[in-house]
Protein chains: 2
Amino acid sequence: MIKIIIDVFSGDDPQALIRGTAAAVNVYPDVHVIMPGDPTYLERELALCDYDVSRLEILPASEVIGNDESPTAAIRQKRDSSLVRGATLLRADPEVGGMISAGSTGAILCCGIFVVGRIRGIDRPALAPVLPTVDGGSVCLIDCGANADCRSEYLGQFALLGTGLMRSLCGVKEPRVALVNVGVEGHKGNILTSQTTKILSEMPINFVGNMEAREALSGKYDVLVCDGFVGNVLLKSIEGTAAYAVSEMAQVLKRKLPGADADIVDAAAREVMRNYDYNSYGGAYLLGCRKPIEKIHGAANERTIPYAVGQMRSMILSGMADKISEQLDAMSRKPVSE
Amino acid sequence: MIKIIIDVFSGDDPQALIRGTAAAVNVYPDVHVIMPGDPTYLERELALCDYDVSRLEILPASEVIGNDESPTAAIRQKRDSSLVRGATLLRADPEVGGMISAGSTGAILCCGIFVVGRIRGIDRPALAPVLPTVDGGSVCLIDCGANADCRSEYLGQFALLGTGLMRSLCGVKEPRVALVNVGVEGHKGNILTSQTTKILSEMPINFVGNMEAREALSGKYDVLVCDGFVGNVLLKSIEGTAAYAVSEMAQVLKRKLPGADADIVDAAAREVMRNYDYNSYGGAYLLGCRKPIEKIHGAANERTIPYAVGQMRSMILSGMADKISEQLDAMSRKPVSE
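Residues numbered from 1 in each chain as written. Chains lettered and ligands numbered in written order. Predicted model: local features only at pLDDT ≥ 70, side-chain atom pairs only at ≥ 80, totals over all residues. Heavy atoms only, no water.

**Notes on the confidence of the model for chain A**
Rule in force here: You can read pLDDT as the predictor saying how much it trusts each residue, on a scale of 0 to 100.
Confidence in the prediction of chain A, expressed as mean pLDDT, is 90, and 96% of residues score 70 or more. Both scores are given for the predicted complex: the pTM is 0.87, the ipTM 0.86.

**Considering the relation of the copies chain A and chain B**
Note on the chain copies: they are related by a rotation about an axis and a translation along it. We apply this condition: A residue counts toward the fit only if its pLDDT is at least 70 in both copies, and the copies are then superposed by least squares on the C-alpha atoms of those residues.
Under the fitted operation, chain A is carried onto chain B by 0.0 Å of movement along the axis and a turn of 180°, and the coordinates agree to an RMSD of 0.0 Å. Such a turn and shift between the copies fits a two-fold axis.

**Re the packing of helix H1 (residues 14-27) of chain B against helix H2 (residues 39-46) of chain B**
All names here are of chain B. Stated precisely, the cut-off is as follows: An axis is simply a line fitted to the C-alpha atoms; with a helix, the fit covers only the stretch in contact. Between two such axes, the angle follows the N-to-C directions and lies from 0 to 180 degrees. The helix count covers DSSP runs of H or I at least four residues long, the strand count covers runs of E at least two residues long, and both are numbered beginning at the N terminus. Angle categories: roughly parallel below 35 degrees, roughly antiparallel above 145, roughly perpendicular from 65 to 115, and oblique for all the rest. Handedness of a crossing follows from how the near helix is turned relative to the far one, being left-handed for an anticlockwise turn of less than a right angle and right-handed for a clockwise one. Contact between two residues is taken to exist if any of their heavy atoms lie within 4.5 Å; hydrogens are not considered. Side-chain classes are defined by residue name, with Ala, Val, Leu, Ile, Met, Phe, Trp, Tyr, Cys and Pro counting as nonpolar, Asp, Glu, Lys and Arg as charged, and the others, Gly among them, as polar.
As a packed pair, H1 and H2 sit with axes 10 Å apart at the nearest point and diverge in direction by 60°. Classified by the interaxial angle, the pair formed by H1 and H2 is oblique. For the pair H1 and H2, the crossing hand works out as right-handed. Within the contact between the two elements, H1 uses Pro 14, Gln 15 and Ile 18 and H2 uses Tyr 41, Leu 42, Glu 45 and Leu 46. Each residue belonging to the contact of H1 with H2 can be placed in one class, and the counts come to five nonpolar, one polar and one charged.

**Considering the interface of chain A and chain B**
Quick reminder of the rule: Once two parts are put together, the accessible area they lose, assessed with a 1.4 Å probe and summed over both, is termed the buried area. The working definition used for a salt bridge is a side-chain nitrogen of Lys or Arg within 4 Å of a carboxyl oxygen of Asp or Glu.
Each side of the interface is counted separately: chain A has 58 residues, and chain B has 58 residues. Roughly 4,800 Å² is buried in total at the junction of chain A and chain B, and carbon and sulfur atoms are behind 67% of that figure. Considering only the surface of chain A that becomes buried against chain B, Arg 214, Phe 229 and Met 249 of chain A emerge as the three largest contributors, covering 16% of it. Counting across the interface, chain A meets chain B through eight salt bridges.

**Describing the side chain of Thr 21 of chain B**
Looking at where Thr 21 of chain B falls in the secondary structure, it is placed in helix H1. The contact partners of Thr 21 of chain B, leaving out residues within four places of it in the chain, are Ile 6, Val 8, Val 33, Met 35, Leu 56 and Ile 305 of chain B.

**Description of the pairing of strand E12 (residues 293-296) of chain B**
Residues and elements named next belong to chain B. Formally: Exposure categories follow from relative accessible area, calculated using a 1.4 Å probe and restricted to protein chains: below 20% of the type maximum is buried, above 50% is exposed, and the middle band is partly exposed. One requirement defines pairing of two strands: DSSP has to find at least two bridges between them.
Here E12 shows two buried faces, one formed by Ile 293 and Lys 295 and the other by Glu 294 and Ile 296. Judged from the three bridges that link them, strand E4 (residues 96-101) and E12 form a sheet pairing that is parallel. The residue bridging Met 99 from the neighbouring strand is Ile 293, located in E12. Both strand E11 (residues 283-287) and E12 contribute to a ladder of four bridges, which runs antiparallel. By the bridge assignment for E12, Tyr 285 is matched with Glu 294. Between the end of E11 and the start of E12, which pair antiparallel, lie five residues, with Gly 288 showing a positive phi angle near 110°.

Structure representation (structure tokens):
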């Protein structure tokens, strides 16, 4: 049985996420879910769902860490919050494989670092979504928001983590790692990218050079490395632009093809948007901690959870955290950033 | 007569840009164009075009600054390049109102600073495209690539320049200025945005707070302020994502609506892409120099030039550079960053 902790309580709509969790239990018969939170609330909402009750247990936790709280203070003060209870169990119970949380990025990052603990050799865990590319593949964007200010050594570690993820999760043997930059030419960029280029060139990874943001989803790369500020801007701009462009396209088509069925045009828009929608592709992995943690978006909905559980299940089955740890050990024999 | 310099020679396709220049002369009867470059080449290509020859003159220049050259060295060494000749005339001739160039960002920036000269009070000129928003309006993104590493004072100046541009060019009385950030909450961001928030809050502009990248084209903002690295990533990601999303939408529709006319679907895709295509919306203004300079994309094509000439013509007619200078003087009475 694959044990996964699901913390639904810092999201915008815990009720929808509880329904999604019940649905995920039904989709994956080998998954056992542990939900930290207020037992009364959870029991009341779960009573409305139809699922296998033997594979979902409640871990009592009386508090919730909000989006606006200082992450470090909240982690220290709210010991009985759903997120801290979940992270503590994740660290303590060898049978528990990973955690999914709708909590704030900062709080999840703090829990990852201070409660679950980092992989040896990793200074700063990073958030990495795996996005669908236009050729039907996937690309990992690391960091997408955990570390707003980065040193070049961190970006080097992100490249290792992203390489490990794409190997373990997607079976890519030599993931093509690119540095997000303002031009493909080597001399372009800022101080951080110029230092990072040097580090990445000397690492035992498949570093293919700079990438301009318009190529992010081209399928030419497997891992995109950048600081968390740039990654966050890139990710959100992909989301927002796709939504606008698809909606405009639907409007223009309804005008140009008055005979066409508006429902079919809307269905096509929804189909395309699934590739660009946070809620469909689950969320982002917090990489660099001893066990995998997946952050789902604050605005995640019912559909998000089964998808995220499927991803987490694959990560646990592949022994990803252990493999990354082994890869880091192997790589550390060639000294990189120290 | 509005005199505009057009430097077509560092683009990927000078021939197309020459045809575009001849077309622009026909579109705007009050515009007089000066083209710096190799007279033999220009005369040969222009001979293939049909236009009013009395309103297009050639300024002999034997060299071209390439995309891969060091901008500062190239500006010093290639005094007879089309870009340096153009910038020198722009500075010297009071009758010349502005310049459009397909040159590299770095070379145009160097020419702007060292040849044309900065507006007093501006440390670093910035590149600012004006993008169409989904509600039919426009938004200025500043900086989109001139300054990869920025101090917070520069971002404060960008806010002034963007405010001046949207007032002068688009007639927005109190442009809503937002800081590109990773969250709308005040405490989110990196060291640069946290310092910049303080500066922008104290400035005599309409600063409305942080903006997440997914809202860039929402129409809720008139000026988006960020460093040139982040702006470049944001701009290119908008371009790339829109192209992918629209093309996927066209594919899905052709599959779902087999009876629909494929030509109409493709026409709809082209119509939507015009809003997201560098070539349609001209290029980016280099703001902060004594006279307006517009950088068009290296991959600009024939259609780009008439559009860019129209923009430049409006800027010159509005006396934009003078207005920005006056606004800066007025604002400097309230000390901001110094």
